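# Tertiary structure, described
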Amino acid sequence: HYTPEQNRAGAFIKISQDYGKSWGEAIKTDISAPHGPVKTVSGRLLYLGREFPGLASRYHASFPEENDPFSPEDRERMYLYESFDDGETWQKISKLPLDDTADYHRLHEPTVVELPSGELIAAIRAEDEASVGKFSIYFMSSTDGGNTWSCPWAFDRIGSPPHLLLRKDGSVVV
């Protein structure tokens, strides 16, 4: 359970078992992304997001630093989580290796898609990156379910935020 201050910040998921007619209790997550989780072919949920537990201690020194799941050097980074119970519980799979790519403070709104081969493709908005222009996108891939990731590569077009849509033929629309 969280204090009232902690409950006002962070990211949450609610689950419906009846196609949106009613909703379960809010489940707080340690990451946030506007796209939310995606379902894979195997049925697991993947959630690629930026670290954001919404702890009150992060925003005001008068709150105690309790139960922070991230060390100071791992804050505000991109992580991939998975769930095998439709979002009731989440396990961290990996931290995306972006530290040498760009200032992590300028990376936002990640999303992920699973290809028919099982390969994962991640897309992350890069804000004001001099090397690729304003609001560009970095891509990364994983061939082992998200445990490890390729080096990121920059998309040569301006765009924000990235959306990835898997088509029936296996191609991806960006």
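This text gives an overview of the structure that appears in the document. This structure is a prediction, so every number in the text was calculated from the model and none was measured. (Residues numbered from 1 in each chain as written. Predicted model: local features only at pLDDT ≥ 70, side-chain atom pairs only at ≥ 80, totals over all residues. Heavy atoms only, no water.)

Right, let's get into the pairing of strand S10 (residues 136–142). Of all 7 residues that make up S10, 7 are buried, and the element is covered over most of its length. Taking every second residue as pointing to the same face, both faces of S10 are buried, with Ser136, Tyr138, Met140 and Ser142 on one and Ile137, Phe139 and Ser141 on the other. When strand S9 (residues 120–126) meets S10, the two strands line up antiparallel, connected through 7 bridges. Across the sheet, Ile121 pairs through a bridge with Ser141, a residue of S10. Here 2 bridges tie S10 to strand S11 (residues 153–154), and the two strands are oriented antiparallel to one another. (Buried < 20%, exposed > 50% of the residue type's maximum accessible area, 1.4 Å probe, protein only. Helix = DSSP H or I, 4+ residues; strand = E, 2+ residues; numbered from the N terminus. Pairing = 2+ DSSP bridges.)

This part takes up the packing of aromatic side chains. Two aromatic rings are characterised by how far apart their centres lie and by the angle between their planes. Counted under the stated rule, the structure contains 3 aromatic pairs. Ring plane angle 80 degrees and centroid distance 5.5 Å describe the contact between Phe139 and Phe155, whose orientation is recorded as edge-to-face. Placement of the pair is Phe139 in strand S10 and Phe155 in the loop between S11 and strand S12 (165–166), with a sequence separation of 16 residues. The structure contains a cluster of three or more aromatic residues connected by ring pairs, namely Phe139, Trp153 and Phe155. (Phe/Tyr/Trp six-rings, centres within 6.5 Å; stacked < 30°, edge-to-face > 60°.)

This part is about the pattern of salt bridges. Under the counting rule described, the total for this entry stands at 3 salt bridges. The partner of Glu82 in a salt bridge is Arg44, and the shortest N-O contact between them spans 2.5 Å. Of the two residues, Glu82 is situated in strand S6 (residues 78–83) and Arg44 in the loop between strand S4 (38–39) and strand S5 (45–51); the sequence distance between them amounts to 38 residues. Under the relative-accessibility criterion, Glu82 is labelled buried at 15%. Between Arg125 and Glu109 there is a salt bridge, and its shortest N-O distance comes to 2.7 Å. Placement of Arg125 in strand S9 and of Glu109 in strand S8 (residues 107–114) is noted, with a sequence separation of 16 residues between them. Of the residues examined, Arg125 reaches a relative accessible area of 9% and is grouped as buried. Exposure remark for Glu109: the relative accessible area of 24% places this residue in the partly exposed category. (Salt bridge = Lys/Arg side-chain N within 4 Å of Asp/Glu carboxyl O.)

We now examine unusual backbone geometry. Although it is not a glycine, Tyr19 adopts a positive phi angle of roughly 60 degrees. One can find Tyr19 in the loop between strand S1 (11–13) and strand S2 (27–29). A positive phi angle, close to 50 degrees, is found at Glu109, a residue other than glycine.

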